[in-house]
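# Structural characterization, general
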Amino acid sequence: MKPVIVEGILADVDCVRPGQVLIERGVIQAVGPNLGRADHVFDEHCLIFAGMGDIHIHAREDVTQKETHKETFSTAAAAALHGGVVHVADMPNNPAAPIDDASYAAKETLLVRAHLPVTFTLYGGIGPGTRPLMRNVPYKAYMGPSVGELFFSTLEELDRTLAHYQGQAVSFHCEDPILLEKHKNAATHELRRPHECELSATRFALAMIEKHRLTGKLCHYSVGEGLPLIRAVKAKGLPVTAEVTPHHVFFDTAQITPANRPWMQMNPPLRSPNDRQAMLHALRDGTADYLATDHAPHTIAEKEKGVSGQPHLDTYGPFVTWLLVDQGFTPERIAAICSANPGEFVNPYQKEKFGRLLPGFVGSLTILDLKRPMSVRREGLKTKCGWSPFEGITFPGSVAAVFVRGERLNT
Ligand SMILES: [Zn+2]
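Below, the discussion takes up the overall build of the protein chain. Counting its secondary structure elements, the protein chain contains 12 helices and 19 strands. By the compact-globule yardstick of 22 Å for 411 residues, the protein chain fits well, its C-alpha radius of gyration being 20 Å. Dimensions along the principal axes, computed over C-alpha positions, put the protein chain at roughly 65 × 50 × 45 Å. Sequence-distant contacts in the protein chain: of pairs separated by 6 or more residues, those separated by 24 or more amount to 74%. Summed over its atoms, the accessible surface of the protein chain is roughly 15600 Å², and 53% of this surface lies on carbon and sulfur atoms. Mean positive and mean negative side-chain charge positions of the protein chain (42 and 45 charges, respectively) differ by 1 Å.

Our next topic: the coordination of the zinc ion. For a metal with four tetrahedral donors the ideal donor-metal-donor angle is 109.5 degrees, whereas six octahedral donors ideally subtend 90 or 180 degrees. Taken together, the protein donors to the zinc ion comprise His56 (NE2), His58 (NE2) and Asp294 (OD), at separations of 2.1 Å. The motif formed by the donor residues of the zinc ion, counted along the single chain, is H-x1-H-x235-D. Remark: Asp294 occurs in the loop between strand 14 (290-291) and helix 10 (300-304) and His56 occurs in strand 6 (residues 52-57); sequence separation between them is 238 residues. Look at Asp294 and you get buried, because its relative accessible area is 8%.

Turning our eyes to something else, we now look at the sheet that holds strand 13 (residues 240-244). Spatial strand order, 9-10-11-12-13-14: six strands in an open sheet with parallel pairing. Each edge of the sheet is formed by a strand with only one pairing partner; in this case those strands are strand 9 (124-126) and strand 14. With three bridges connecting them, strand 12 (residues 215-218) and strand 13 associate as parallel partners. If you follow Gly216 over to strand 13, its bridge partner there is Val240.

Here we have three strands laid out as an open sheet, ordered 6-7-8, and parallel in their pairing. Looking at strand neighbours, the two that pair on one side only are strand 6 and strand 8 (119-122), the edges of this open sheet. When strand polarity is set aside, the average angle formed by the axes of neighbouring strands in this sheet is 20°. Its contacts with the sheet place helix 12 (residues 331-346) against strand 6, strand 7 (85-90) and strand 8, and it is angled at close to 65° to strand 6.

A few words now on helix 3 (residues 155-162). The complete set of buried residues in helix 3 reads Leu155, Leu158, Asp159, Thr161 and Leu162. The arc that holds the buried residues of helix 3, viewed along the axis, is 165°, so those residues lie on one side. Of the exposed residues in helix 3, the ones pointing more than 90 degrees away from its buried face are Glu156 and Arg160. Structurally, helix 3 contributes buried residues whose contacts are with strand 9, strand 10 (139-142), strand 11 (169-173), helix 4 (177-182) and helix 6 (195-211).

About the thresholds
- Each residue is numbered by its place in its chain's sequence as written, counting from 1.
- Selection of residues for local features in this predicted model requires a pLDDT of at least 70, selection of side-chain atom pairs for listing and counting requires 80 or more, and totals for whole chains, interfaces and linings are taken over all residues.
- Side-chain numbers come from the whole structure's heavy atoms, not from hydrogens or water.
- Helical segments are the DSSP runs of H or I of at least four residues, strand segments are the runs of E of at least two, and each set is numbered from the N terminus.
- The atom set for the radius of gyration is the C-alpha atoms, and the globule formula is 2.2 Å times the number of residues raised to the power 0.38.
- Throughout, a contact is declared for two residues whenever any of their heavy atoms are within 4.5 Å.
- To be clear on the numbers: accessible area is Shrake-Rupley with a 1.4 Å probe, and residue cover counts the displayed protein chains and nothing else.
- Only four residue types enter the charge count: Lys and Arg as positive, Asp and Glu as negative, with His and the chain ends excluded.
- A single reference atom marks each charge: NZ on Lys, CZ on Arg, CG on Asp, CD on Glu.
- Only N, O and S atoms count as donors, using a 2.8 Å limit from the metal and a wider 3.2 Å limit for Na, K and Ca, and since water is excluded some coordination spheres may look unfilled.
- Exposure is judged per residue with a 1.4 Å probe applied to protein chains only, and the accessible area is read against the type maximum: over 50% gives exposed, under 20% gives buried, and values in between give partly exposed.
- Note on pairing: two strands pair once DSSP finds at least 2 bridges between them.
- In this analysis, axes come from line fits to C-alpha atoms, helices being fitted only over the stretch in contact, and the angle between any two N-to-C directions falls in the range 0 to 180 degrees.
- Read the arc as the range of directions from the helix axis to the C-beta atoms.

Right under this line is the structure:
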């Protein structure tokens, strides 16, 4: 394939400036002014980011095929590209959870056979009695029951299991199983999974990260009261990062109505308006490190029955324009939470380097148009589950183009 030059406003973690990116054999060879005649030029309304990554999704596919009516690797990849996302990391709470070498390899074989343009990183699951895999993978530990069977019923059991995972990267779903049990008969989904569940689990996860020398990540963080705990351990130098989802910064409990309640159900649940503001602030000030969606597709019929989770891949890029245009995030900060930090998270497990507009990084780009609004409609979605919590909402901008290894793909 011949070299490709993409020209426009380049947005990376350290600066925003007009320039060109030269991509050859799928890799960025040079970045700068005057590299040659551009093949693709984007005007000043557009920002060119290193390909964005969503490091928390549920693509639902495994050898049992029990959940492929919700999503598959292929439909998740189509939704990702539609949303401007070039790489994803897929969670392990499948019916045949990838918790050992054989089950992980079986899931990976399905993925390889699908030949997708989107790069997947597969998490390994940590469940009662599991041990690290032979190969290097990121892990996910579910403390309490959420969706799927992969969870611990006591924290002592999780502690004993984590002792075997020293030095590994472990992501935590922070909801304390004992406290969830205590609140299980409360009136609403939000009250059944209150603040204290996440706070208590945060304290426990941070203690585990320190005790077992893990590289820790807190998933879909949602309670403002927990942020000082994260800031404190980061200040101490512990390797801890945190994700924040689009739903926890866009919706809050004040927006729940009897009509939208089933659609606004996820774990952890929507929190108060103050928590929502605190999460926005955390993404801005560096307490949180990733905009990660927890894309959790369920069919419309399943949602009507009260299953937890929202799909978000199709709308990733348009949602980011809401952060940029309406919430005043700088392009540099967006480059950090959507490109560079997700890249840093998956790069140890991939042959390519994601996340920066620098020579040697993969030639994949996400280009957002900040002046072309996008109204979310059910018909336009690529996710197999066929709905979005943002239907009827107009974002201020949209995905102008996605490049994967130098090739411009239709979005
Ligand atoms: Zn999840």
